[in-house]
Amino acid sequence: RYLADSSAVDPGLVDDVLAIAVSRGDAALFEEMQRRAQAATVPALRRRYLSTLGAFQDPVLERRALDYLLDDAVRPTEGFQIMSGWQGKDEAAGHRLREWMYEHYTPFSQKVPPPALRFAPMMLGGGCTKEAFERMQAFLSDPQRFVSGMDQTMAQTRDMVFDCLGLREREGEAVRRYLEGSGAD
């Protein structure tokens, strides 16, 4: 409804409404968000529409959003706006993002500003699996891929991953029992 009449939604809720709409959106809605991002002359609106592209749940549309990130229509500083749409997605979506990053690391690293690459450890090794962290560590240990500040981000990523793993180990069974007992699936 917001797309047809922007006054129909409280301005403070627009981003949430769009996130809900695109999470179940189809290719036509993706193309509309992409068109709006390209046409936006107000930076805040452009950021809003770019971030919706990464929020689609359909893996095909996720891939389109990531591929679009490398397009000349997206400025080097805007790629992370598209990736912000992955926040709150499940582990399968995180895995798809990581795989895309590995496949496209060279063009991605050539497009984004070099200081932004220090966040690559979080994108490649974040989440809650030791395997993803170790793969990222091995991949980024190549001096050709390493940039200043990456070591600090790698340490932060390690702490986040192992905190998550520890929490799962300590509380996972209790959470499972609670969910089973509450009738949640």
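Relevant structure appears above.
Residues numbered from 1 in each chain as written. Predicted model: local features only at pLDDT ≥ 70, side-chain atom pairs only at ≥ 80, totals over all residues. Heavy atoms only, no water.

A. Structural view of a nonpolar patch on the surface. On the surface, a nonpolar cluster with roughly 310 Å² of combined accessible area is contributed by Val175, Tyr178 and Leu179. Following the sequence through the fold, leucine 179 ends up in helix 10 (residues 150-182). Its relative accessible area of 39% is what places leucine 179 among the partly exposed residues. (Patch = residues over 30% accessible without salt bridge, like charges linked within 9 Å, V, L, I, M, F, W, Y side chains within 5 Å. Areas by Shrake-Rupley, 256 points an atom, 1.4 Å probe, with all protein chains shown as cover. Salt bridge = Lys/Arg side-chain N within 4 Å of Asp/Glu carboxyl O. Helix = DSSP H or I, 4+ residues; strand = E, 2+ residues; numbered from the N terminus. Buried < 20%, exposed > 50% of the residue type's maximum accessible area, 1.4 Å probe, protein only.)

B. Fine view of the layout of surface pockets. Empty space within the largest pocket amounts to approximately 490 Å³. Around the largest pocket, the lining is made up of 20 residues, and of these Trp86, Gly94, Leu97, Met122 and Gly127 lie nearest the centre. Every element with two or more residues in the lining of the largest pocket is listed here: helix 5 (79-83), helix 6 (91-103) and helix 8 (120-125). In terms of residues, the lining of the largest pocket owes the most to one element, helix 6, which gives five residues. Here the lining of the largest pocket is built from residues that sort into nine nonpolar, seven polar and four charged. (1 Å grid on protein atoms, 1.4 Å probe; cavity = no way out; pocket = protein on both sides within 12 Å on 5 of 7 lines; lining within 4 Å. Points joined across faces, edges and corners; volume = space filled by probe spheres on them. Nonpolar A, V, L, I, M, F, W, Y, C, P; charged D, E, K, R; others polar.)

C. Looking closely at the pattern of salt bridges. Per the counting criterion, the structure on display carries 18 salt bridges. A salt bridge links glutamate 32 to arginine 35, with the shortest nitrogen-to-oxygen separation between them at 2.8 Å. One end of the pair, glutamate 32, and the other, arginine 35, are both in helix 2 (residues 27-39), three residues apart, so they sit about a helical turn from each other. For arginine 35, a relative accessible area of 43% gives the class partly exposed. One salt bridge connects glutamate 78 with arginine 46, and the closest N-O pair in it is separated by 2.6 Å. Taken together, the residues span a long stretch of sequence, with glutamate 78 in the loop between helix 4 (59-69) and helix 5 and arginine 46 in helix 3 (residues 43-53) at a distance of 32 residues. As far as burial versus exposure is concerned, glutamate 78 and arginine 46 are alike and both buried. Salt bridges linked by common partners bring Glu173, Arg176, Arg177 and Glu180 together as one network.

D. Representation of the nonpolar core within the structure. Core analysis: the biggest nonpolar cluster contains 42 residues, and Met83, Met101, Tyr105, Phe108, Leu124 and Leu140 have the highest contact counts within it. The contact partners of leucine 124, leaving out residues within four places of it in the chain, are Arg98, Met101, Tyr102, Tyr105, Ala132, Met136, Phe139 and Leu140. (Core = buried A, V, L, I, M, F, W, Y, C linked by side-chain atoms within 4.5 Å. Contact = heavy atoms within 4.5 Å.)

E. Inspection of the environment of alanine 55 at higher detail. Among the structural elements, alanine 55 can be located in the loop between helix 3 and helix 4. Distance from alanine 55 to arginine 98, taken between C-alpha atoms, is 15 Å for residues 43 residues apart in sequence. Discounting chain neighbours no more than four positions away, the residues touching alanine 55 are Val22, Ser23, Gly85 and Lys89.

F. Region of interest: the packing of aromatic side chains. Evaluated as defined, the whole model comprises six aromatic pairs. Between tryptophan 100 and phenylalanine 108 the ring centres are 6.5 Å apart and the planes differ by 80°, which places this aromatic pair in the edge-to-face class. Under the relative-accessibility criterion, tryptophan 100 is labelled buried at 0%. The exposure class assigned to phenylalanine 108 is buried, which follows from its relative accessible area of 0%. Judged by centre distance (5.9 Å) and plane angle (80°), the ring pair of phenylalanine 133 and phenylalanine 162 falls under edge-to-face. With a gap of 29 residues between them, phenylalanine 133 in helix 9 (residues 130-140) and phenylalanine 162 in helix 10 connect regions that are remote in the sequence. Phenylalanine 162 sits in the partly exposed class, given a relative accessible area of 36%. A connected cluster of aromatic rings, assembled from ring pairs, spans Phe80, Trp100 and Phe108. In this structure, arginine 135 is placed above the aromatic ring of tyrosine 102, and the distance from its NZ or CZ to the ring centre is 3.7 Å. (Phe/Tyr/Trp six-rings, centres within 6.5 Å; stacked < 30°, edge-to-face > 60°. Lys NZ or Arg CZ within 6 Å of the ring centre and 35° of its normal.)

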